[in-house]
Amino acid sequence: MGTAIENKVKLYFGNIKVLTKDKLVAELRKDFPTWTNNTINTNLYRLKKNQVLNTLTRGVYTLEHRKNFQPRADAKLKKIASRIRRNYPFVDYCVWNTLWLNDFMLHQPFKGITVVEVEKSAVEAVFALLSVDFKYVYLNPDRVLFERYINSKEEVIIVKHLNSEAPTITDHHIVFPTLEKLLVDMLIDENLFSAQQGELDYIFKTAYKKFTINESKMKRYAARRNREEELQKRIKTTLAK
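Not measured: the values here are computed from a predicted model.

**Considerations on the pairing of strand β7 (residues 157-161)**
Next up, step 1: For β7, the buried fraction is high: four of the five residues fall into the buried class.
Next up, step 2: Crossover strand β6 (residues 137-139) to β7 through helix α6 (residues 143-148) is right-handed.

**Notes on the pairing of strand β9 (residues 174-177)**
Next up, step 1: In β9, alternate side chains face the same way, and those of I174 and F176 on one face and V175 and P177 on the other are all buried.
Next up, step 2: Looking at chain direction, strand β8 (residues 168-171) and β9 are connected through four bridges and run antiparallel. When the sheet's bridge partners are listed, I169 is paired in β9 with F176.
Next up, step 3: The loop that links β8 with its antiparallel partner β9 comprises two residues; one of these, H172, has a positive phi angle of about 55°.

**Things to note about the layout of surface pockets**
Space left empty within the atom packing is revealed by a probe, the size of a water molecule, rolled over the atoms.
Next up, step 1: Here the largest pocket defines a volume of roughly 380 Å³.
Next up, step 2: Around the largest pocket, the lining is made up of 14 residues, and of these T55, T212, I213, N214 and E215 lie nearest the centre.
Next up, step 3: The set of elements that each furnish at least two residues to the lining of the largest pocket consists of β2 (54-57) and α9 (215-224).
Next up, step 4: Of all the elements, β2 adds the most residues to the lining of the largest pocket, at four residues.
Next up, step 5: Grouping the amino acids of the lining of the largest pocket by side-chain chemistry returns two nonpolar, eight polar and four charged.

**Topic: a positive patch on the surface**
Next up, step 1: Judged by side-chain charge, K17, K67, K205, K209 and K210 come together as a positively charged surface patch.
Next up, step 2: Its place among the elements puts K210 in helix α8 (residues 200-210).

Cut-off values and rules
- Residues numbered from 1 in each chain as written.
- Predicted model: local features only at pLDDT ≥ 70, side-chain atom pairs only at ≥ 80, totals over all residues.
- Heavy atoms only, no water.
- Buried < 20%, exposed > 50% of the residue type's maximum accessible area, 1.4 Å probe, protein only.
- Helix = DSSP H or I, 4+ residues; strand = E, 2+ residues; numbered from the N terminus.
- Right-handed = clockwise from strand over helix to strand, strands pointing away.
- Pairing = 2+ DSSP bridges.
- 1 Å grid on protein atoms, 1.4 Å probe; cavity = no way out; pocket = protein on both sides within 12 Å on 5 of 7 lines; lining within 4 Å.
- Points joined across faces, edges and corners; volume = space filled by probe spheres on them.
- Nonpolar A, V, L, I, M, F, W, Y, C, P; charged D, E, K, R; others polar.
- Patch = residues over 30% accessible without salt bridge, like charges linked within 9 Å, V, L, I, M, F, W, Y side chains within 5 Å.
- Areas by Shrake-Rupley, 256 points an atom, 1.4 Å probe, with all protein chains shown as cover.
- Salt bridge = Lys/Arg side-chain N within 4 Å of Asp/Glu carboxyl O.
- Lys, Arg positive; Asp, Glu negative; His and termini not counted.
- Charge placed at Lys NZ, Arg CZ, Asp CG, Glu CD.

See below:
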């Protein structure tokens, strides 16, 4: 029975990449008219558990398989993270580089910006710490600083406030932002993400296609940053294309 259901579900998709739960349920009822709602939900759960079905967003499924977003630190990020851990071991932070976003873009910038996000109480202390070891370190730069200085320099480091409860992941003792955080932040910080603003639709579409997205986590973070409605519109636009 299990293999038969899998084959049926694959036929429902045909050449279509995504199907809603309502559409899947309607098709299942045609082929299995005696099934109860509980039986249908149990089988959908099993198909997801066996990775036959993948959830794009709530109530929307795909057969495509996606991987987890796994950022990697270069030597500079490792050095910065080490400095923060050694001097401020209890401070919340994350480090990353804008070049990570090139994997999601058509027109890829050649220059990246190293970003260090730190909890509000320690942001100035970490800025002072990094300014000793690195050139071109900027604290919470505004549009004018970007236009006059940052956009024309190489090897820039930006230190900025890390929003509370921002979703992060830790790998080899280094804290990184999650993909969900980066996607939401792109909707907000137009200065830092200026190179990405013209490709937001493509970036979201590529992110959803390549990687597993925890939409609940992303929406919670967007709500904390007052961007939940904007994010929801972006998600609907992405899945509609």
